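# Architecture and fold: a report
What follows is each chain in one-letter form.
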Amino acid sequence: GDFYPLTKPVYNEEGFAGWQLNKDGNGFAVIFRRQNCTEDEFTVMFNGVDENAEYILTISDEDRKNTTSNATGKELSGGYKVCLPKVRTSVVIEYRKNK
């Protein structure tokens, strides 16, 4: 599949870090809120999604709580917001085409 960095490679603790893996229009993104990050919201700009397709999202947070929602490819590539209210936490967003 394809690997996409979602943030610039920095080595300080003051922002978010994120990566996306995509294969055939399906995949996942991992977002980390670092220790000194003052923002609690990050906008994921998904790569390699079909803007005309519907996607099922499974979002897994630090508490291992999974939520499921739907989004269009256009919404995903245009910017999907995630909120991480606590520092040193992460979220995994799995996306797959709804067939």
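In what follows, the accompanying structure is described. (Residues numbered from 1 in each chain as written. Predicted model: local features only at pLDDT ≥ 70, side-chain atom pairs only at ≥ 80, totals over all residues. Heavy atoms only, no water.)

Spatially, 6 strands are ordered β1-β2-β3-β8-β5-β6 in an open sheet, and the strand pairing comes out antiparallel. Both outer strands of the open sheet, β1 (2-5) and β6 (66-72), are each paired with one neighbouring strand and no more. Taken pair by pair, the neighbouring strands of this sheet meet at an average axis angle of 20°, ignoring direction. The sheet contact formed by strand β3 (residues 26-33) and strand β8 (residues 89-97) spans 7 bridges and is antiparallel. Bridge pairing in β8 links Arg33 to Thr89. (Pairing = 2+ DSSP bridges. Helix = DSSP H or I, 4+ residues; strand = E, 2+ residues; numbered from the N terminus. Axes fitted to C-alpha atoms, helices over the stretch in contact; angles between N-to-C directions.)

The subject of this paragraph is the pairing of strand β4 (residues 41-44). Burial along β4 is one-sided: Phe42 and Val44 are buried, while Glu41 and Thr43, pointing the other way, are not. Both β4 and strand β7 (residues 80-83) contribute to a ladder of 4 bridges, which runs antiparallel. Bridging across to β7, Phe42 finds its partner in Val82. (Buried < 20%, exposed > 50% of the residue type's maximum accessible area, 1.4 Å probe, protein only.)

Among all residues except glycine, the phi angle is most often negative; among peptide bonds, the trans geometry is most common. The phi dihedral of Asp24 falls on the positive side, at around 55°, and the residue is not glycine. With respect to the helices and strands, Asp24 occurs in the loop between β2 (16-23) and β3.

This brings us to the packing of aromatic side chains. For the coordinates displayed, the defined rule picks out 5 aromatic pairs. With a centroid separation of 5.2 Å and 45° between ring planes, the pair formed by Phe16 and Phe42 is classed as tilted. Placement of Phe16 in strand β2 and of Phe42 in strand β4 is noted, with a sequence separation of 26 residues between them. With 5.1 Å between their ring centres and 75° between their planes, Phe46 and Tyr95 make a pair best called edge-to-face. With Phe46 in the loop between β4 and β5 (54-60) and Tyr95 in strand β8, this pair connects stretches of sequence that are 49 residues apart. What links up through ring pairs into an aromatic cluster is the set Phe46, Tyr55, Tyr80 and Tyr95. (Phe/Tyr/Trp six-rings, centres within 6.5 Å; stacked < 30°, edge-to-face > 60°.)

A cluster of nonpolar side chains, contributed by Phe3, Trp19, Leu21, Phe28, Phe32 and Val92, occupies part of the molecular surface with about 510 Å² of accessible area. When contributions to the nonpolar patch are tallied by element, the ones reaching two or more residues are β2 and β3. The topology assignment puts Phe3 in strand β1. (Patch = residues over 30% accessible without salt bridge, like charges linked within 9 Å, V, L, I, M, F, W, Y side chains within 5 Å. Areas by Shrake-Rupley, 256 points an atom, 1.4 Å probe, with all protein chains shown as cover. Salt bridge = Lys/Arg side-chain N within 4 Å of Asp/Glu carboxyl O.)

Attention now moves to the nonpolar core. In terms of nonpolar packing, the biggest core is built from 21 residues, with Ile31, Val44, Phe46, Leu76, Tyr80, Val82 and Ile93 touching the most fellow members. Taken together, the elements giving at least two residues each to this core come down to β3, β4, β5, β7 and β8. Excluding anything up to four places from it in sequence, Leu76 contacts Val44, Met45, Phe46, Val49, Tyr55, Leu57, Ala71 and Tyr95. (Core = buried A, V, L, I, M, F, W, Y, C linked by side-chain atoms within 4.5 Å. Contact = heavy atoms within 4.5 Å.)

This paragraph deals with the pairing of β6. As a general feature of sheets, a regular strand has side chains that alternate between the two faces. Sheet topology places β5 next to β6; 7 bridges connect them, and they run antiparallel. If you follow Leu57 over to β6, its bridge partner there is Ser69. The antiparallel pairing of β5 with β6 creates a hairpin that spans 5 residues between the two strands, and Arg64 there sits at a positive phi of about 60°.

The analysis is restricted to geometry; functional conclusions fall outside its scope.
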